[in-house]
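Structure at a glance
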Amino acid sequence: MMQPTTESCENQGVYTLRSEALSVRISPIGARLLSFEYRGTDWLYGPKTPQQIQEDTCYCGAVCGRVANRIAGGSFELDGRVYKLAVNNGPNHLHGGLVGFSDRLWTVEEASDSRLVLSLVSPDGEEGYPGTVTAKAEYSLCGSTLSLTLTAQTDAPTLLNLTNHAYWNLNGTGTMDDHMLQVNASAYTPMVANIPTGSIVPVDGTLYDLTSPACLGERNAPDAIAGGYDDNYVLPAKAGMREAAVLTNGKVTLRLCTDAPGLQVYTGDYLPLKRGGVALEAQNFPDSPHRPHFPTIELRPGELYSRTITWSAS
């Protein structure tokens, strides 16, 4: 069994996965990706030490939950009962609330050079959610591909939408404005003040069309408050894993595959270093509890929540 590296106090509690192509560092705080090193360059923007994690307010590399993204008004109705959630993004609930999964210390269940399994118990009532949820995050590394499988179960009806919130910068420094991004989605969910209107609209003929590679530094979404993108893309409605996004700086390439129905593209315009990285969050659609026609995020006893994301370097 692999133990946390103990080279210094700063590194305690950090686990490293290694292959011939990649070196990946993970912290149990938020089951968080700290680094993704390929050919000598770390592709992740964000904190690298436990102290920097404590100072982070942008969910860098973390697993977000119970519900990633926004729930309008900080409330939802389930089985005829209204639940009030913590409000931490204007009038809305964001990424699980004041102390979401991204801020919790996960328990390490298994660790080796190629696999790390972490677990977390979220008690009934945490951040306003019903039911006790037991979640697991399993990172595995094979060659040039890192996989993350998120699973969870509950003892009472609840909501769940987990993702990883890594910010990618293939340059390793500066901004990612020179990056080309392709998203394999023919539709998106328009928003007003970061909340979906409920419509699902084709991207064709709009600035949201990323079906062909587009330079991020030359694109701004019309509804963006700070410029750039912070938008949910509707991935092809088919079962199983499929390629959702391709990001390149012309020298190296990142490919993201997932079984999630949506991909939130956020160009990091509120990061301490504006546009220091782009977040590609494979997840369900924002504000799903208020949009019955969106894919459901309800989880009930006896059901197994499962979400897989892979990142491949070349």
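Since the structure is predicted, the reported quantities are computational estimates derived from the model, not experimental observations. (Residues numbered from 1 in each chain as written. Predicted model: local features only at pLDDT ≥ 70, side-chain atom pairs only at ≥ 80, totals over all residues. Heavy atoms only, no water.)

Attention now goes to the pattern of salt bridges. Inspection of the entire model under this criterion finds 13 salt bridges. Of the charged contacts in the structure, one is a salt bridge between Asp-269 and Arg-275, with a shortest N-O distance of 2.9 Å. Residue class for Arg-275 comes out buried when judged on its relative accessible area of 8%. A salt bridge links Asp-287 to Arg-291; its shortest N-O distance comes to 3.9 Å. Asp-287 sits in the buried class, given a relative accessible area of 3%. Shared partners join several salt bridges into a network, and the residues in it are Asp-79, Glu-298 and Arg-300. (Salt bridge = Lys/Arg side-chain N within 4 Å of Asp/Glu carboxyl O. Buried < 20%, exposed > 50% of the residue type's maximum accessible area, 1.4 Å probe, protein only.)

What follows concerns the nonpolar core. Of all hydrophobic cores here, the largest spans 63 residues; its most connected members are Phe-36, Tyr-139, Trp-168, Tyr-233, Leu-263 and Trp-311. Residue contributions to this core peak at five residues, all from strand S13 (residues 133-142). If we skip the residues at most four places from it in the chain, Trp-311 touches Leu-33, Phe-36, Tyr-139, Ser-144, Thr-145, Leu-146, Leu-148, Asn-164, Trp-168, Leu-254, Arg-255 and Leu-256. Grouped together as the second largest cluster of nonpolar side chains are nine residues, Val-67, Ile-71, Phe-76 and Ile-297 included. (Core = buried A, V, L, I, M, F, W, Y, C linked by side-chain atoms within 4.5 Å. Helix = DSSP H or I, 4+ residues; strand = E, 2+ residues; numbered from the N terminus. Contact = heavy atoms within 4.5 Å.)

This part covers unusual backbone geometry. Cis rather than trans, the peptide bond between Gly-65 and Arg-66 has omega equal to 10°. Position of Arg-66 among the secondary structure elements: in the loop between strand S6 (63-64) and strand S7 (70-71). The phi torsion at Arg-39 lies on the positive side, around 50°, for a residue other than glycine. In this structure, Arg-39 sits in the loop between strand S3 (32-38) and strand S4 (41-42). Phi is positive for Glu-127, which is not a glycine, with a value near 55°. Within the secondary structure, Glu-127 is located in the loop between strand S12 (115-122) and S13.

For the rest of this paragraph, the subject is the pairing of strand S18 (residues 180-183). By the alternation rule, side chains of S18 split into Leu-181 and Val-183, which are all buried, and Met-180 and Gln-182, of which none is buried. As judged from the two bridges shared by S18 and strand S23 (residues 214-215), these two strands associate in the antiparallel manner. Bridge pairing links Leu-181 to Ala-214 in S23. In this sheet, strand S25 (residues 242-248) lies alongside S18 in antiparallel orientation, the contact comprising four bridges. Counted as the bridge partner of Val-183 is Ala-245 from S25. (Pairing = 2+ DSSP bridges.)

A few words on the packing of aromatic side chains. Per the stated rule, a full pass over the model turns up twelve aromatic pairs. When the ring of Trp-168 is compared with that of Trp-311, the centres are 6.0 Å apart and the planes differ by 40°; the resulting orientation is tilted. One end of the pair, Trp-168, is in strand S17 (residues 167-168); the other, Trp-311, is in strand S30 (residues 305-313), and 143 residues separate them in sequence. Residue class for Trp-168 comes out buried when judged on its relative accessible area of 0%. (Phe/Tyr/Trp six-rings, centres within 6.5 Å; stacked < 30°, edge-to-face > 60°.)

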